[in-house]
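Given next are the chains, with one letter for each unit.
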Amino acid sequence: MSAHVGLPRSLAGRLGARRWVVVGIAITFLICAWSLGLTPAGLVPPDARHWERTGNFFAAALSPAMDYQDPDTPDDANPIWLKGLLGLFHTLRYAFGAMSIAIPLALVMGFLGASAWWPERRGPLLGVLLRGVFITCRFVMSLARSIHELIWALLLLSAFGMSPLAGMMALALPFSGTLGKVFSELIDEEAREAAQALQAVGHGPIQTFLVGIFPGALPNLITYSFYRFECALRSSAVLGFVGIETIGLYIQLSHEEFFYHEVWTYLYFLLALIVIVDLWSAGIRRHLNPATEWRTVR
Amino acid sequence: MENSPVRTERIERVLELRRQRPRSWFLRVSWLIALAMIAWAWASSGPLLGRLSAERRRQNFLNFCGELVPSPVQKSGNWLEAFPWAWELLAEDGFIALLITVGIATAAIILAGAFVLPLLPLASRQLARPGPFGVWPGRGGRIGRIWWRLIGPATRFGFVLCRAIPEYLIAFLLLSLIGAHRGTGEFRYENAWPLVLALAIHNLGILGRLWGEVVENADGAAPTHGIASGGSRSGVYATRVLPAGFNRFLIYFFYRWETCVKDATVLGMLGLLTLGKLIALSKGFFWDEMFFYILLGSAVILVGDLFSTYLRKRLR
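Given the structure is predicted, the values throughout are model-derived calculations rather than measurements.

Considerations on the overall build of chain A
(1) Moving on: Helix and strand counts for chain A come out as 11 helices and 0 strands.
(2) Moving on: Walking chain A from its N terminus toward its C terminus, one meets helices and strands in the order α-α-α-α-α-α-α-α-α-α-α.
(3) Moving on: For chain A, the C-alpha radius of gyration of 25 Å lies well beyond 19 Å, the compact-globule estimate for 298 residues.
(4) Moving on: Principal-axis analysis of the C-alpha atoms places the extent of chain A at approximately 75 × 55 × 40 Å.

Here you go:
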């Protein structure tokens, strides 16, 4: 397959046969598995107690709880379906709140971290300034996203106490980093012809950006934002594990009490919500019909 | 000038174009729902800053920031003493936890990839249908046709389900089911499978979608020819589709590896193995150590990020 005479040789070409890449990956896996002690024995429950637990857990999948399993539940508690729905609403609330902070932040960062709008003719001073802003912005964005949202939550909740805003910010900060990075890349990937034509007839950099570049990139930005919203929803559910009241918290509490039927009820609620949002987001992608779909990595 | 006929005619044409722009009720309803939800999210959250008074909050915050400073520095005020302190943390647990984090991420993403590869032809909209690539294969009975009509949507839905559940949740459930430890007494060790499996399952769904898009966007000429000249689905997949998409597969593979490193760090907060374990253990008692481990984790992620960006650029 590999040795075609006279073809330009990219890295993939030089790596030569794809088979070596595959073999390399397989060897890497073996090394990891060996050093982590990943034996088949680790895959199955170790003793009768765990076997029983596993059996109970998966059996409960077929009969999710229609009522609380806890006999001590007060009589005036919400029925379980209402509790599940409320959990979903809290989950949605954090996701929407976080995205409404993250997208404006990311738009600013994405603009400053892109080079497409830079004026064609610029003095050395302006050049250095722009480059400085560009690099600082990129660095801040990678810093924000190199800390996982759960750890942001841990830090923010410890620093400011439990509050809805702290939970939203914990999601918004890393998400604005990721969104901003992708926004700036999408803006830079946009074709420059229109922008160059506008600059040639004397428009300023901001005008050029707003008229010549941004509208072209907008469908991609929107579809990517929706994809990130799906991620925010999942992360919001997980925030329950640090004590914020989303459906993750209910799952954790029921699971620790071994109320597996309740766990499955909440899991099915969460699954349904995520699948619905997935379909919604696919519909938006289809209607906007962006040029580069969410193939853009990240 | 304002009222010249040329000007109004031009404006009319622009307005006409605006009226003719494509509009979709689906998008409009979507925007309305999204805006309404955002307004509701902010309005319904209760006191946004929590119930503490502003003064109390400021005090908490300052205390917290003070606690983040390495303990020897807190006592002496000399930042040079932070280096032996950091080195000790690194040598004691940090470095091992860091290696384990990367190892878990790597094992998980390779496992996910290995399972996605054979599933891809079943999920492909072109291959998994009665007539692959629009070519009637000329064989297969009624059951075969039904099978090929159902298997595509079923596999794709399987991918959706896999990526719908957050990996942290899967890891949490698996830990209590298959157990966090193996061996007894002296030979007791922490079982990495729950974390690896959780990451692998979630990424199976994501790679399935990303790689599926690569397959779907690829040029169909070669595989169509393969099918038309009598090739089987699996044969065409292995010899035409897979080689053509290989580089793009690798691009996504490294991108997901990078996110796996990030997620593996946090999975440790469930209480074992990775950097997250150290973070969770020092939380509340040794804030300075916790902050050090967090910085260590983000350094690893930054390096992984740079490495994977470099590889992806080279592969493009």
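Thoughts on the overall build of chain B
(1) Moving on: Looking only at helices and strands, chain B features 12 helices and 2 strands.
(2) Moving on: In chain B, the order of α-helices and β-strands from amino to carboxyl end is α-α-α-α-α-α-α-β-β-α-α-α-α-α.
(3) Moving on: In terms of overall dimensions, chain B is more spread out than a globule: its C-alpha atoms have a radius of gyration of 28 Å, far above the 20 Å expected for 316 residues.
(4) Moving on: C-alpha atoms of chain B, sized along the principal axes, occupy 80 × 75 × 40 Å.
(5) Moving on: Among the 316 residues that make up chain B, the fraction classed as buried is 39%.
(6) Moving on: If you take every contact in chain B between residues at least 6 apart in sequence, the share linking residues at least 24 apart comes to 70%.

What about unusual backbone geometry?
(1) Moving on: For A:Phe258, which is not a glycine, the phi torsion comes out positive at approximately 65°.
(2) Moving on: The topology assignment puts A:Phe258 in the loop between helix 10 (247-256) and helix 11 (260-288).

A short note on the interface of chain B and chain A
(1) Moving on: Facing 64 residues of chain B, the contacting portion of chain A comprises 61 residues.
(2) Moving on: Among the secondary structure elements, those contributing two or more residues to the side of chain B that touches chain A are helix 2 (25-44), helix 3 (54-68), helix 5 (82-123), helix 6 (142-164), helix 7 (167-178), helix 8 (193-217), helix 10 (233-267) and helix 12 (287-315) of chain B.
(3) Moving on: Tallying contributions element by element places helix 10 of chain B first for the side of chain B that touches chain A, with 9 residues.

Examining the environment of B:Phe254
Residue and element names in this part refer to chain B.
(1) Moving on: Note that Phe 254 resides in helix 10.
(2) Moving on: For Phe 254, a count of 19 C-beta atoms within 10 Å corresponds to the partly exposed category.
(3) Moving on: Here the alpha-carbon distance between Phe 254 and Thr 106, two residues 148 residues apart in the chain, equals 9.7 Å.
(4) Moving on: The contacts of Phe 254, once residues within four sequence positions are left out, are Ser 308, Leu 311 and Arg 312.

A word on the environment of A:Phe57
(1) Moving on: You can see A:Phe57 is positioned in helix 3 (residues 48-60).
(2) Moving on: A residue is classified by how many C-beta atoms lie within 10 Å of it, and A:Phe57, with 19 of them, is partly exposed.
(3) Moving on: Once the C-alpha coordinates of A:Phe57 and A:Leu36 are considered, the two residues, 21 residues apart in sequence, prove to be 27 Å apart.
(4) Moving on: Leaving out residues up to four positions away in the same chain, A:Phe57 has contacts with A:Tyr260 and B:Leu177.

Section: the confidence of the model for chain A
Residue and element names in this part refer to chain A.
(1) Moving on: Taken residue by residue, chain A gives an average pLDDT of 84. The fraction at 70 or more is 91%.
(2) Moving on: Predicted confidence in chain A is weakest over helix 1 (residues 11-14), with a mean pLDDT of 52, and strongest over helix 4 (residues 80-112), with 92.
(3) Moving on: The low-confidence segment residues 1-8 (pLDDT under 50) makes 3 contacts with residues lying over four places distant or belonging to another chain.
(4) Moving on: Low pLDDT, under 50, characterises residues 292-298; the predicted model gives this stretch 20 contacts beyond four residues in sequence or across chains.

Some words on the environment of B:Phe187
Residues and elements named next belong to chain B.
(1) Moving on: Mapped onto the elements, Phe 187 comes out in the loop between strand 1 (181-182) and strand 2 (189-190).
(2) Moving on: Residue Phe 187 is classed as exposed on the basis of its C-beta count, with 7 C-beta atoms lying within 10 Å.
(3) Moving on: Considering only alpha carbons, one finds Phe 187 and Leu 311, 124 residues apart in sequence, at a separation of 39 Å.

Quick look at the packing of helix 11 of chain A against helix 2 of chain B
(1) Moving on: Running from amino to carboxyl end, helix 11 of chain A crosses helix 2 of chain B at an angle of 130°, the nearest separation of the two axes being 10 Å. Comparing their axes, helix 2 of chain B and helix 11 of chain A come out oblique. Crossing of helix 11 of chain A against helix 2 of chain B: the hand is left-handed. Within the contact between the two elements, helix 11 of chain A uses A:Gly283, A:Ile284 and A:His287 and helix 2 of chain B uses B:Phe26, B:Leu27 and B:Ser30.
(2) Moving on: Tallied by class, the residues present in the contact of helix 11 of chain A with helix 2 of chain B amount to 3 nonpolar, 3 polar and no charged.

A few points about the nonpolar core
(1) Moving on: In this structure, A:Ala98, B:Ile104, B:Ala105, B:Ala108, B:Leu195 and B:Val196 are the most contacted members of the largest nonpolar core, which totals 152 residues.
(2) Moving on: Setting aside its immediate chain neighbours within four residues, B:Leu195 contacts B:Ile104, B:Ala171, B:Ala264, B:Leu267 and B:Leu273.

As for the packing of helix 5 of chain B against helix 6 of chain B
Residues and elements named next belong to chain B.
(1) Moving on: Running from N to C, helix 5 and helix 6 point in directions that differ by 135°, and their axes come no closer than 8 Å. Taken as axis vectors, helix 5 and helix 6 run oblique relative to one another. Contacts between helix 5 and helix 6 involve Leu 119, Leu 122 and Ala 123 from the first element and Ile 151, Gly 152, Thr 155, Arg 156 and Phe 159 from the second.
(2) Moving on: Of the residues contributing to the contact of helix 5 with helix 6, the split by class is 5 nonpolar, 2 polar and 1 charged.

What about the confidence of the model for chain B?
Close inspection of predicted coordinates is inappropriate in any region flagged by low pLDDT.
(1) Moving on: Scored by pLDDT, chain B comes out at a mean of 85, with 97% of its residues at no less than 70.
(2) Moving on: The ipTM value of the predicted complex is 0.83, and its pTM value is 0.85.

Comments concerning helix 5 (residues 124-145) of chain A
An α-helix turns once per 3.6 residues; consequently, residues spaced three or four apart project the same way.
All names here are of chain A.
(1) Moving on: Relative to the 32 Å expected for 22 residues at 1.5 Å per residue, helix 5 spans 32 Å between its end C-alpha atoms, a close match to the ideal helical length.
(2) Moving on: The complete set of buried residues in helix 5 reads Cys 137, Met 141, Ala 144 and Arg 145. Down the axis of helix 5, the buried side of the element spans an arc of 90°, and every buried residue falls inside it. Residues of helix 5 that are exposed and angled more than 90 degrees away from the buried face: Pro 124, Leu 125, Val 128, Arg 131, Gly 132, Ile 135, Thr 136 and Phe 139.
(3) Moving on: Looking at the buried positions of helix 5, the neighbouring elements they touch are helix 4 and helix 7 (164-189).

The rules behind these values
Residues numbered from 1 in each chain as written. Chains lettered and ligands numbered in written order. Predicted model: local features only at pLDDT ≥ 70, side-chain atom pairs only at ≥ 80, totals over all residues. Helix = DSSP H or I, 4+ residues; strand = E, 2+ residues; numbered from the N terminus. Rg over C-alpha atoms; globule rule 2.2 N^0.38 Å. Buried ≥ 20, exposed ≤ 12 C-beta atoms within 10 Å, placed from the backbone. Contact = placed C-beta atoms within 7 Å. pLDDT = per-residue confidence, 0-100. Axes fitted to C-alpha atoms, helices over the stretch in contact; angles between N-to-C directions. Parallel < 35°, antiparallel > 145°, perpendicular 65-115°, else oblique. Left-handed = near helix turned anticlockwise from the far one by under 90°. Nonpolar A, V, L, I, M, F, W, Y, C, P; charged D, E, K, R; others polar. Core = buried A, V, L, I, M, F, W, Y, C linked by C-beta atoms within 7 Å. Expected span 1.5 Å × (residues − 1). Arc of directions from axis to C-beta.

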